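# Working through the structure, step by step
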Amino acid sequence: ISLSSSSRKKSDNMNAARKMMAAYLQDLPPPGGYPEVRYRAKPTVRGPSGAMIWGLSVVFVTVGFYRVGQTNIARRAEKEEKREARFAIAPLLQAEEDLRYVQARRNGEVSSNVYKSAGIWFPPTK
């Protein structure tokens, strides 16, 4: 049987492929096997825990309220000091005003019967 040139090429190729496969050795695992492959992701640190966030929030709010309270106490003390200073100088201011009024009345700047009206009081005209 004579083979055509195209069939000869096919058979030559097949023979070459068979020779390569006979010479080929499959890659096998090492003795004892491969090491275990870790396919799970390592848990990453994703920030503080919920309890820590709550704890820090409580601490910050507590410190904030404490500071507000201390500021209120200081303001209250300043207002009380200012009020006491005003109360302390009120008699001096009243005495000065009384002296000014008496001098104005002596000079005739204020009439003596202005406050004696029984009805509605109208300020004196100049």
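A few points on the structure. (Residues numbered from 1 in each chain as written. Predicted model: local features only at pLDDT ≥ 70, side-chain atom pairs only at ≥ 80, totals over all residues. Heavy atoms only, no water.)

### A short note on the overall build of the protein chain
Helix and strand counts for the protein chain stand at two helices and zero strands. Accessible surface, the protein chain: about 13000 Å² in total, of which carbon and sulfur atoms supply 61%. (Helix = DSSP H or I, 4+ residues; strand = E, 2+ residues; numbered from the N terminus. Areas by Shrake-Rupley, 256 points an atom, 1.4 Å probe, with all protein chains shown as cover.)

### Observations concerning the pattern of salt bridges
The full count for this structure, using the stated rule, is one salt bridge. Across the pair Arg100 and Glu97 runs a salt bridge, and its minimum N-O distance is 2.6 Å. A residue pair is termed a helical-turn pair when its members lie 3 or 4 positions apart in one helix, as Arg100 and Glu97 do in helix 2 (residues 50-106) at three residues. The exposure class assigned to Glu97 is partly exposed, which follows from its relative accessible area of 36%. (Salt bridge = Lys/Arg side-chain N within 4 Å of Asp/Glu carboxyl O. Buried < 20%, exposed > 50% of the residue type's maximum accessible area, 1.4 Å probe, protein only.)

### Considering helix 2
End to end, helix 2 covers 82 Å across 57 residues, agreeing with the expected 84 Å (1.5 Å per residue, within 8%). Along helix 2, the largest kink reaches about 40 degrees and is centred on Ile89; proline Pro91 follows within four residues of it. Residue Gly108 follows helix 2 closely and has a positive phi angle near 85 degrees. (Expected span 1.5 Å × (residues − 1). Bend = angle between axes of the 7 residues up to and from the residue.)

### Quick word on a negative patch on the surface
Together, Glu78, Glu80, Glu81 and Glu84 give the surface a local cluster of negative charge. In this fold, Glu78 is placed in helix 2. (Patch = residues over 30% accessible without salt bridge, like charges linked within 9 Å, V, L, I, M, F, W, Y side chains within 5 Å. Lys, Arg positive; Asp, Glu negative; His and termini not counted. Charge placed at Lys NZ, Arg CZ, Asp CG, Glu CD.)

### Thoughts on a nonpolar patch on the surface
On the surface, Met52, Leu56 and Phe60 cluster together into a nonpolar patch covering about 350 Å² of accessible area. Looking at where Leu56 falls in the secondary structure, it is placed in helix 2.

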